[in-house]
Amino acid sequence: MGTPRSQIQDDEVSECFDITEKGAQSRNRQVGFLGFRVSAAAAEAETEVSKMEEITQGVNNINLANDSHKKNRIQVSNTKKPLFFYVNLAKRYMQQYTEVELSALGMAIATVVTIAEILKNNGLAVEKKISTTTVDMKDDSRGRPVQKAKIEILLGKTENFDELMAAAAEERDGVYGEEQS
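In this report, we go over the structure that sits alongside the text. As a convention, each chain's residues are numbered from 1 in the sequence order in which they are written. Local features in this predicted model are restricted to residues of pLDDT 70 or higher, and side-chain atom pairs are both shown and tallied only at a pLDDT of 80 or more, whereas totals for entire chains, interfaces and linings draw on every residue. To obtain the side-chain values, all non-hydrogen atoms of the structure were used and water was disregarded.

Bringing the pattern of salt bridges into the picture now. Salt bridge criterion: a side-chain nitrogen from Lys or Arg within 4 Å of a carboxyl oxygen from Asp or Glu. Counting across every chain of the model gives seven salt bridges. The salt bridge involving Glu 101 is made with Arg 73; its shortest N-O contact spans 2.7 Å. Highlighted residues: Glu 101 in strand β2 (residues 99-105) and Arg 73 in strand β1 (residues 73-75), separated in sequence by 28 residues. Neither Glu 101 nor Arg 73 differs from the other in exposure class; each is buried. Of the charged contacts, one joins Lys 150 and Glu 152 as a salt bridge, the two residues approaching to 3.4 Å between their closest N and O atoms. Through salt bridges with shared partners, a single network forms among Arg 73, Glu 101, Lys 150 and Glu 152. Working definition: helices are DSSP H or I runs of at least four residues, strands are E runs of at least two. Numbering for both runs from the N terminus. In this scheme, a residue with accessible area under 20% of its type's maximum is buried, one over 50% is exposed, and one in between is partly exposed, where area comes from a 1.4 Å probe on protein chains only.

With that settled, the discussion passes to the pairing of β2. Of all seven residues in β2, six are buried; the element is thus mostly enclosed. By the convention used here, strands pair only if DSSP detects at least 2 bridges between them. Note: β1 against β2, three bridges, orientation parallel. Across the sheet, residue Gln 75 finds its bridge partner in β2, namely Ser 103. In this fold, the crossover linking β1 to β2 by way of helix α2 (residues 83-97) has right-handed handedness. Looking at chain direction, β2 and strand β4 (residues 145-157) are connected through seven bridges and run antiparallel. Its bridge partner lying in β4, Ser 103 is registered against Glu 152. Viewed with both strands pointing away, a crossover whose connecting path from the first strand over the helix to the second turns clockwise is right-handed.

Interpretation in functional terms is not warranted from these geometric data alone.
Next up, the structure:
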């Protein structure tokens, strides 16, 4: 005769259980291995991010060293804004940074010189440095390189800059007060 039916089912169940258990163990090993691979990849990515942050910080430090001059730079154009816009902007920059660098190319050089002279003649600024160079630029109409003259004038506050600015503010407030009454 054969094996009783209940024993066959028990044998099949236990065999299925063994197979399932082995598969689960195998899967656990695979997951464990994948987990290791994932955590190794995460560690590598974290290291790369750390390296990138160091590089970014280094670049920012370099830019900060160069930008200390650039924050107080005004690039003057003789076509975009009126002359006294730049004069007033330079006054504000000198209040904030104690010195201002005026920069211009080509035809705007005369405007920069005029701004500097106005500030000097009003007793607000002293010349610290003037430099002239040429810059290679691409001519839009012809598509070939053209050299343009460039000027940079570094102006600093005079000793009585703050007093003169305060007097000008009082004068302005006095005029506006009279008009309103």
